Amino acid sequence: RFTSSNGASLSALGLRPDQLVGTDLFEYFRTTDRDFPAIAAHRRALKGEAVAYDLEWAGRVFRSRVEPLRDDEGTIIGSSGVAQDVTDGVRMEQALRESEQRFRTTVEQIPAVVWTADSDLRITSSLGSALAALGLLKNQTVGRRLQELVGSEDPDFLPNQMHLRALSGESVNYEMEFGGRHWTTHIEPLRDAAGRVAGIIGLALDITEQRKVERALGETEVRLRRVFDFAPVGISLVSEGRRFLAVNAALCRLFGYSEEELLGMS
């Protein structure tokens, strides 16, 4: 039976100080279950244990601790408990976990690699579906040094150089080929609560297919330019204002002007 009940958190339960005095725990918690967490904890305290437990009750979450209550001779005469209302903190932790899970799910699905490294450039996490293109699994590289992964200790080697610049506080971007793929990479300093650079966070986007398309378009443009330049007939590109934008050699011969002269005419 309660012999006292005090504390500001009573109001969250709709109770006044000492309102529970004389009520037993079974009655208050509306149960006959001797293993109900709060009742089980008090029973263990009556046997001499100190017990900590969390309990959701009346729409709130309480972090509780119950200890034996002893008289001057050390005999257990009851129990003493403290329950701290941690609802807001628990909800915030849950929201952060859900937010982190959404972030990780998103990162694992985009065609990129996202990684973090400490101040020694030792990998602390690596995520992203593009890891598969490198034959790697999620977090497989954790614990390995960046220099080992890129195969060079040279500080002037592009990825090493960019990571070192990020450690000095810069935001950097670069492109390079690695593992048979083409990547565009962005690296940011990773700062601790005091604002000091404690490592880096990087994102590398696989742009291999984009580069293949650009290369194919470039090759097509070169072929078309050769057709334009060496065609045996005169060809021109003219603006809406009827000015020459481009002319080929055959047209210049036909009109008797140089390319520079024709490009200045209508």
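Residues numbered from 1 in each chain as written. Predicted model: local features only at pLDDT ≥ 70, side-chain atom pairs only at ≥ 80, totals over all residues. Heavy atoms only, no water.

Participant: Would you take a moment to explain the overall build of the chain for this structure?
Facilitator: Helix and strand counts for the chain come out as 8 helices and 10 strands. In terms of C-alpha radius of gyration, the chain reaches 36 Å, well past the compact-globule figure of 18 Å for 266 residues. By its C-alpha atoms, the chain is 120 × 50 × 35 Å across when sized along the principal axes. When the 266 residues of the chain are sorted by exposure, 30% land in the buried category. Taking as baseline every contact in the chain between residues at least 6 positions apart, the subset at least 24 positions apart corresponds to 26%. Accessible surface computed for the chain: about 17100 Å², of which carbon and sulfur atoms make up 53%. Separation between the mean location of the 32 positive side-chain charges and that of the 39 negative ones in the chain comes to 3 Å. (Helix = DSSP H or I, 4+ residues; strand = E, 2+ residues; numbered from the N terminus. Rg over C-alpha atoms; globule rule 2.2 N^0.38 Å. Buried < 20%, exposed > 50% of the residue type's maximum accessible area, 1.4 Å probe, protein only. Contact = heavy atoms within 4.5 Å. Areas by Shrake-Rupley, 256 points an atom, 1.4 Å probe, with all protein chains shown as cover. Lys, Arg positive; Asp, Glu negative; His and termini not counted. Charge placed at Lys NZ, Arg CZ, Asp CG, Glu CD.)

Participant: What should I look at first to understand the sheet that holds strand E1 (residues 51–57) in this one?
Facilitator: Whether parallel or antiparallel, the strands of a sheet pair through hydrogen bonds between backbone atoms. Across the sheet, which stays open at both edges, the 3 strands sit in the order E1-E2-E3 with antiparallel pairing between neighbours. One side of each edge strand has no neighbouring strand; the edge strands of this open sheet are E1 and strand E3 (76–85). When strand polarity is set aside, the average angle formed by the axes of neighbouring strands in this sheet is 30 degrees. The sheet strands contacting helix H2 (residues 37–46) are E1, strand E2 (60–70) and E3, and the helix crosses E1 at an angle near 160 degrees. Lying over the sheet, helix H3 (residues 87–109) contacts E2 and E3, oriented at roughly 130 degrees with respect to E2. (Pairing = 2+ DSSP bridges. Axes fitted to C-alpha atoms, helices over the stretch in contact; angles between N-to-C directions.)

Participant: What's the story with the nonpolar core in this structure? I'm lost.
Facilitator: Burial of nonpolar side chains together is a common tendency in soluble globular proteins. Core analysis: the largest hydrophobic core is formed by 19 residues, its most contacted members being Val113, Trp115, Ile187 and Ile200. Residues within four places of Trp115 in sequence aside, it is in contact with Ile123, Ser125, Ser126, His163, Thr185, Ile187, Ile200, Ile201, Gly202, Leu203 and Ala204. Formed by 17 residues, the second largest nonpolar core is a distinct cluster that contains Tyr28, Ala38, Leu55 and Val66. (Core = buried A, V, L, I, M, F, W, Y, C linked by side-chain atoms within 4.5 Å.)

Participant: Help me understand the sheet that holds strand E7 (residues 181–191) in this model?
Facilitator: Across the sheet, which stays open at both edges, the 5 strands sit in the order E5-E4-E8-E7-E6 with antiparallel pairing between neighbours. Single-partner strands in this sheet number two, and they are strand E5 (123–127) and strand E6 (172–178). Direction aside, neighbouring strands of the sheet carry axes that sit 20 degrees apart on average. Of the pairings in the sheet, the one linking E6 to E7 comprises 7 bridges and is antiparallel in character. For Glu177, the partnering residue across the bridge sits in E7 and is His182. Lying over the sheet, helix H6 (residues 208–230) contacts E6, E7 and strand E8 (197–206), oriented at roughly 135 degrees with respect to E7.

Participant: What is the right way to look at the environment of Leu251 in this model?
Facilitator: With respect to the element layout, Leu251 can be found in helix H7 (residues 249–255). Taking C-alpha positions, Leu251 is 9.0 Å from Pro232, a pair spaced 19 residues apart along the chain. For Leu251, the residues in contact, after removing those within four places along its chain, are Gly234, Ile235, Ser236, Phe244 and Leu262.

Any functional reading would require information that these geometric values do not contain.
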